[in-house]
Amino acid sequence: DVKVTQSSRYLVKRTGEKVFLECVQDMDHENMFWYRQDPGLGLRLIYFSYDVKMKEKGDIPEGYSVSREKKERFSLILESASTNQTSMYLCASSQTYYSNQPQHFGDGTRLSIL
Amino acid sequence: RKEVEQDPGPFNVPEGATVAFNCTYSNSASQSFFWYRQDCRKEPKLLMSVYSSGNEDGRFTAQLNRASQYISLLIRDSKLSDSATYLCVVNRVSNFGNEKLTFGTGTRLTIIP
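Here we take up the state of the cysteines. Residues and elements named next belong to chain A. This structure, assessed with the given rule, holds two disulfides over all chains. One disulfide bridge connects Cys-23 with Cys-91, the sulfur atoms lying 1.9 Å from each other. What sets the handedness of the Cys-23 and Cys-91 disulfide is the S-S torsion sign, and at about -75° it is left-handed. Of this pair, Cys-23 sits in strand S3 (residues 19-25) while Cys-91 sits in strand S9 (residues 87-94); the two residues are 68 residues apart in sequence, bridging distant segments of the chain. For the residue pair Cys-23 and Cys-91, the accessibility class agrees, reading buried in each case.

The next thing to look at is the interface of chain B and chain A. Counting residues at the interface gives 21 residues for chain B, matched by 26 residues for chain A. Interface area for chain B against chain A, summed over the two sides, is near 2000 Å², with a carbon-plus-sulfur share of 48%. Contact with chain A buries surface across chain B, with Arg-41, Asn-98 and Glu-99 of chain B losing the most and accounting together for 27% of the total. There are zero salt bridges connecting chain B and chain A. With four residues, strand S10 (residues 99-103) of chain B is the single largest residue contributor to the side of chain B that touches chain A.

A few words now on the sheet that holds strand S7 (residues 64-70) of chain A. Residues and elements named next belong to chain A. Taken in spatial order, the four strands make up an open sheet running S1-S3-S8-S7, and their pairing is antiparallel. Edge positions in the sheet fall to strand S1 (4-6) and S7, since each has one partner strand and no second. Here the average twist between neighbouring strands, direction ignored, is 20°. Taken together, the six bridges between S3 and strand S8 (residues 73-78) define a ladder with antiparallel strand orientation. Counterpart to Phe-20 in the pairing with S8 is Ile-77.

Here the focus is the layout of surface pockets. Volume-wise, the largest pocket comes out at about 710 Å³. What lines the largest pocket is a set of 26 residues, among which Gln-37 and Pro-39 of chain A together with Gln-38, Arg-41 and Thr-85 of chain B lie closest to the centre. For the lining of the largest pocket, the per-class residue count stands at eight nonpolar, 11 polar and seven charged. Of the volumes computed, that of the second largest pocket is approximately 280 Å³. Along its surface, the second largest pocket is lined by 17 residues, and Leu-41, Leu-43 and Arg-44 of chain A together with Thr-102 and Phe-103 of chain B are the ones closest to its centre. Of all the elements in the fold, those that place two or more residues in the lining of the second largest pocket are strand S5 (42-51) of chain A together with S10 of chain B.

Attention shifts here to the environment of Lys-70 of chain A. Among the structural elements, Lys-70 of chain A can be located in strand S7. With 19 residues separating them in the primary sequence, Lys-70 of chain A and Asp-51 of chain A have C-alpha atoms 8.9 Å apart.

Overall, the coordinates contain 12 salt bridges over all chains when judged by the stated rule. Put simply, Lys-71 of chain A and Glu-30 of chain A hold a salt bridge, and the shortest N to O gap is 4.0 Å. On the criterion of sequence distance, the pair formed by Lys-71 of chain A in the loop between S7 and S8 and Glu-30 of chain A in the loop between S3 and strand S4 (31-38) is long-range, its members being 41 residues apart. A relative accessible area of 25% means that Lys-71 of chain A is categorised as partly exposed. Classification of Glu-30 of chain A as partly exposed rests on a relative accessible area of 30%. In this structure, Asp-82 of chain B and Arg-59 of chain B form a salt bridge, with 2.8 Å as the shortest nitrogen-oxygen distance. Taken as a pair, Asp-82 of chain B in the loop between strand S8 (70-75) and strand S9 (84-93) and Arg-59 of chain B in the loop between strand S6 (55-57) and strand S7 (60-65) lie far apart in primary sequence, 23 residues in all. For Asp-82 of chain B, a relative accessible area of 2% corresponds to the buried category. The exposure class of Arg-59 of chain B is partly exposed, given its relative accessible area of 22%. A network of salt bridges, in which partner residues are shared, links Asp-28, Glu-30 and Lys-71 of chain A.

Analysis parameters
Residues numbered from 1 in each chain as written. Chains lettered and ligands numbered in written order. Predicted model: local features only at pLDDT ≥ 70, side-chain atom pairs only at ≥ 80, totals over all residues. Heavy atoms only, no water. Disulfide = S-S within 2.5 Å. Helix = DSSP H or I, 4+ residues; strand = E, 2+ residues; numbered from the N terminus. Buried < 20%, exposed > 50% of the residue type's maximum accessible area, 1.4 Å probe, protein only. Contact = heavy atoms within 4.5 Å. Buried area = accessible area lost by both parts, 1.4 Å probe. Salt bridge = Lys/Arg side-chain N within 4 Å of Asp/Glu carboxyl O. Pairing = 2+ DSSP bridges. Axes fitted to C-alpha atoms, helices over the stretch in contact; angles between N-to-C directions. 1 Å grid on protein atoms, 1.4 Å probe; cavity = no way out; pocket = protein on both sides within 12 Å on 5 of 7 lines; lining within 4 Å. Points joined across faces, edges and corners; volume = space filled by probe spheres on them. Nonpolar A, V, L, I, M, F, W, Y, C, P; charged D, E, K, R; others polar.

Structural measurements only, silent on function.
Here it is in structure tokens:
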């Protein structure tokens, strides 16, 4: 079974802090993704990576950056957290370059910015 | 127009009934289609892929109409455990040629005993 592990289930931070969300997958997947999910807006893609040190912006990259130094780990960074970044963050991975392979999600991190 | 549109529901359906959801997509170049299921406060999980010829998995049937750009999911003999939000998912190609998925906002289904 594919396992995608996110470092925290719940996180509370303050406005202006630099926040790191970590994601690790154990299936040697090439592709990794960060989404945020908000009521009425569904899942929106922030960034994704299709290889080590390779990344591409998703639909809402503003205020975020990512890092992929190792294949199994994909980090999402909130450079200076703001209250509108309070959300559920979901990490996912998939096996190959082609999207006909399903994405496997972690449990999610519910982030609150105060 | 949204890339993927779904009726948000909620659909409240008695146990044992048949229920159907539709989803429309805007990108005619899309090639891969899925239904995901998301339980309350849980992560999305793949329910089934959708193939051009239509496909069935037990009580679940998925169909694709490329001409009209819509996807459907039919659930027969619904169970209490089918209560969840169902996400319609479609692929797209980025400006850099990388494929990624677009998720609909989901249709919420509640099965009533």
